[in-house]
Amino acid sequence: YGGMGLDFSYSIAVAEELGNIHCGGVPMAIGVQASMATPALTRFGSDELKKQFLVPTIAGDVVVCLGVSETGAGSDVASIKTTAVRKGDEYIINGGKMWTTSGCQADWMCLLANTSEGPPHRNKSLICLPMNLPGIHVAKKIDKLGMKSSDTAQIFFEDVRVPSKNVIGEEGMGFMYQMLQFQEERLWGVANILTAMENIIQATIDYTRQRKAFDRPILHNQVVHFRLAELATEVELLRSLLHRAVDLYVEGNDVTKFASMAKLKAGRLARELSDSCLQFWGGMGFTNEVPVSRCYRDMRLMSIGGGSDETMLSIICKYMEILPSK
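None of these values were measured; they are calculated from a predicted model.

### A look at the overall build of the chain
Next up, step 1: Across its full length, the chain holds nine helices and nine strands.
Next up, step 2: Taken over the C-alpha trace, the chain has a radius of gyration of 21 Å; the compact-globule value for 326 residues is 20 Å, and the two agree within 12%.
Next up, step 3: A buried classification covers 51% of the 326 residues belonging to the chain.
Next up, step 4: Long-range contacts, defined as pairs at least 24 residues apart, comprise 75% of the intrachain contacts of the chain with a sequence gap of at least 6.
Next up, step 5: Counting every atom, the chain has about 15,700 Å² of accessible surface; 54% of that belongs to carbon and sulfur.

Spelled out as structure tokens, the structure:
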């Protein structure tokens, strides 16, 4: 379908390299296209759907977004309210999506909707939804704290008709398919933030080496260079966890626990690292003229998007059998 036929580890290598882009929004848009909105279509979609939606997406001719989160259902995916009711050879979609990355410019959406009245983990389907259909309203572009170059949309659906053949895989399996998509999304997100964190550490070293206070470079204070050494060590530990999870995933294993652990650690480390580094830049760090302030804003999303820290902890606990499974 136009791809290179490589395994997922190559996507992770690309994600790490994209961390050299000095903002979070551009790499995130690429990640949505490559590893967040298309894995289920690649794995479970019909040949017809792949030719219609996957081929131009891989080629970069169209933009895709992922329609999962809603105003009342972010990390709690099972609680989404958007419906797709079957009428003959069509689904009629009503509801809305929130926090949709690339939603203002997307040509199609990988939409998660309730297609039956059954149990919440078995009544959902993923649907390839063209965004130019009547009844789709992009309400607004959301003004965010960070990720300024990424358009994030609120979208409403009013009696939107889409062919029933646009369902990815089996009807009712959408929740399970989306959980699998989340594995790749979380691993990709971790990989992307690694290089960015390394770069901000190096930028902080360079700045504190030339900035002086009390007649000596800031970097020469033990509290500063020890802290930077600690942060660099944490980044390397995260990289090792990521690569272990990716190796297991490529071998066909369920890596939900390790992906959740890596996502949790990445979000918390990004907050800790960007805050510590910004502190060492002093007043300059509180301006928009230096990269550390942008990282501080953009990296904050890591603990929220793609499943919050609290959701990651719940998943880890269930895999450790600390909490009962629902």
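### A word on the pairing of strand 2 (residues 83-87)
For a regular strand, side-chain orientation follows a simple rule: the groups alternate between the two sheet faces.
Next up, step 1: Pairing analysis gives five bridges linking strand 2 to strand 3 (residues 90-101), with the strands arranged antiparallel. Looking across to strand 3, one finds that Ala 84 is bridged to Ile 93.

### A look at the domain arrangement of the chain
In many reports, interface size means the accessible area that the parts give up when they come together.
Next up, step 1: With domains assigned, the chain is organised as domain 1 (37-171) and domain 2 (176-320).
Next up, step 2: Centre-to-centre separation of domain 1 and domain 2, based on C-alpha positions: 29 Å.
Next up, step 3: On the domain 2 side, the residues contacting the 23 residues of domain 1 number 17 residues.
Next up, step 4: Taking both partners together, domain 1 and domain 2 bury about 1,500 Å²; carbon and sulfur atoms supply 63% of that area.
Next up, step 5: Seen at the junction of domain 1 and domain 2, the total is zero salt bridges.
Next up, step 6: For the side of domain 1 that touches domain 2, the leading source of residues is helix 3 (residues 39-44), giving four residues.
Next up, step 7: Tallied by class, the residues present in the side of domain 1 that touches domain 2 amount to 13 nonpolar, six polar and four charged.

### Some points on unusual backbone geometry
Next up, step 1: Residue Ser 102 is not a glycine yet carries a positive backbone phi of 70°.
Next up, step 2: Judged by relative accessible area, which is 4%, Ser 102 ranks as buried.
Next up, step 3: Unusually for a residue other than glycine, Asp 215 sits at a positive phi of about 70°.
Next up, step 4: Locating Asp 215 in the fold gives a position in the loop between strand 8 (212-213) and strand 9 (216-217).
Next up, step 5: The exposed category is assigned to Asp 215, whose relative accessible area is 77%.

### Remarks on the UniProt feature "domain: Acyl-CoA dehydrogenase/oxidase C-terminal" (unreviewed entry) in the chain
Next up, step 1: As annotated in UniProt, the feature "domain: Acyl-CoA dehydrogenase/oxidase C-terminal" (unreviewed entry) corresponds to residues 172-318 in the numbering used here.
Next up, step 2: Each end of residues 172-318 is marked by a C-alpha atom, and these two atoms are 23 Å apart; helix forms 75% of the span and strand 3%.

### Observations concerning empty space enclosed by the protein
If a probe the size of a water molecule is rolled over the atoms, the empty space left behind becomes visible.
Next up, step 1: Applying the stated criterion across every chain yields a total of one cavity of 30 Å³ or more.
Next up, step 2: Around the largest cavity, the lining residues are Pro 39, Ala 40, Arg 43, Phe 44, Tyr 177, Leu 180, Gln 181, Glu 184 and Tyr 249.
Next up, step 3: Among the elements of the structure, helix 3 and helix 5 (174-210) are those that each provide at least two residues to the lining of the largest cavity.
Next up, step 4: Looking at side-chain class alone, the lining of the largest cavity contains six nonpolar, one polar and two charged residues.
Next up, step 5: Two domains share the lining of the largest cavity, each providing at least three of its residues, namely domain 1 (37-171) and domain 2 (176-320).

The rules behind each value
- Residues numbered from 1 in each chain as written.
- Predicted model: local features only at pLDDT ≥ 70, side-chain atom pairs only at ≥ 80, totals over all residues.
- Heavy atoms only, no water.
- Helix = DSSP H or I, 4+ residues; strand = E, 2+ residues; numbered from the N terminus.
- Rg over C-alpha atoms; globule rule 2.2 N^0.38 Å.
- Buried < 20%, exposed > 50% of the residue type's maximum accessible area, 1.4 Å probe, protein only.
- Contact = heavy atoms within 4.5 Å.
- Areas by Shrake-Rupley, 256 points an atom, 1.4 Å probe, with all protein chains shown as cover.
- Pairing = 2+ DSSP bridges.
- Domains from an automatic or database assignment.
- Buried area = accessible area lost by both parts, 1.4 Å probe.
- Salt bridge = Lys/Arg side-chain N within 4 Å of Asp/Glu carboxyl O.
- Nonpolar A, V, L, I, M, F, W, Y, C, P; charged D, E, K, R; others polar.
- UniProt positions renumbered as here; feature names shortened; annotations may be inferred.
- 1 Å grid on protein atoms, 1.4 Å probe; cavity = no way out; pocket = protein on both sides within 12 Å on 5 of 7 lines; lining within 4 Å.
- Points joined across faces, edges and corners; volume = space filled by probe spheres on them.

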